[in-house]
Amino acid sequence: MERTMPWNEKVDVISSDESSSPDEGVEVNGGFVGQLATDMTIDEAPKATANEDLLRDTVSLIRRATMYQEYMKQLPIPVQRGSVIPFSSWVELGKSIKQLYGQPLHYLTNILLKQWDQLRSGAEDEHKPLDIVIHPCKAEATIWLVEEIHRHTSSHDRIAKMWLSDPRSHAFIDSIFPE
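Residues numbered from 1 in each chain as written. Predicted model: local features only at pLDDT ≥ 70, side-chain atom pairs only at ≥ 80, totals over all residues. Heavy atoms only, no water.

As named in an unreviewed UniProt entry, the chain is Protein RDM1, taken from Tripterygium wilfordii.

Laid out in structure tokens, this is it:
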């Protein structure tokens, strides 16, 4: 009786065509496939290709964006707003709103606040505190209106694409959750 070969031992691949050297590639259906691997063990599973990894990551990202958008839709927009919040920038006002109301702002709202601050660069009143330029109640109401739009009408596919294109997108996703 012959002893069976263990699965983790290396197997030499022997070519029946002695005219081919180990450095040559293999031609299949008129196309060059590449060099045969001679140091391969039987128990090695083929590794996932870069495309499969990218597809898996993309599907995972779309799933997270869907869960994120569904969660944000469930958060109520505060109706009673009685405080006047002093602020010198839109991002600063957003941070104050998050603290005061104990809930996150949408990813897209955070991006928009940052863009609004960048738009002030070079303006004649750039160095004035923003609460002098725009009444704090109007500014806060504007943020809540934009927040409502983002929470209820944003596409999870579009959010996933934005996250995929921006390696720093996690910096604009709030981790503040209501109790």
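On we go.
## Here we look at the nonpolar core
Counting residues in hydrophobic clusters, the biggest one holds 13 residues, and the most contacted among them are Trp90, Leu93, Ile97, Leu105, Ile143 and Trp144. Broken down by secondary-structure element, the contributors of at least two residues to this core are α2 (90-101) and α5 (136-153). Here this core takes four residues from α2, the largest share from any one element. Ignoring anything within four residues of it in the chain, the contact list for Ile143 reads Trp90, Leu93, Gly94, Ile97, Leu105, Thr109 and Leu113. Among the nonpolar cores identified, the runner-up in size contains 12 residues, and Tyr68, Leu75, Ala160 and Phe172 belong to it. (Core = buried A, V, L, I, M, F, W, Y, C linked by side-chain atoms within 4.5 Å. Buried < 20%, exposed > 50% of the residue type's maximum accessible area, 1.4 Å probe, protein only. Helix = DSSP H or I, 4+ residues; strand = E, 2+ residues; numbered from the N terminus. Contact = heavy atoms within 4.5 Å.)

## Quick notes on the pattern of salt bridges
According to the stated counting rule, one finds two salt bridges in the structure shown. Across the salt bridge formed by Lys73 and Glu70, the nearest N and O atoms sit 3.7 Å from each other. A residue pair is termed a helical-turn pair when its members lie 3 or 4 positions apart in one helix, as Lys73 and Glu70 do in helix α1 (residues 50-74) at three residues. When the shortest N-O distance is used, the salt bridge between Arg151 and Glu147 registers 2.6 Å. Taken together, the residues span about one helical turn, with Arg151 and Glu147 both in helix α5 at a distance of four residues. (Salt bridge = Lys/Arg side-chain N within 4 Å of Asp/Glu carboxyl O.)

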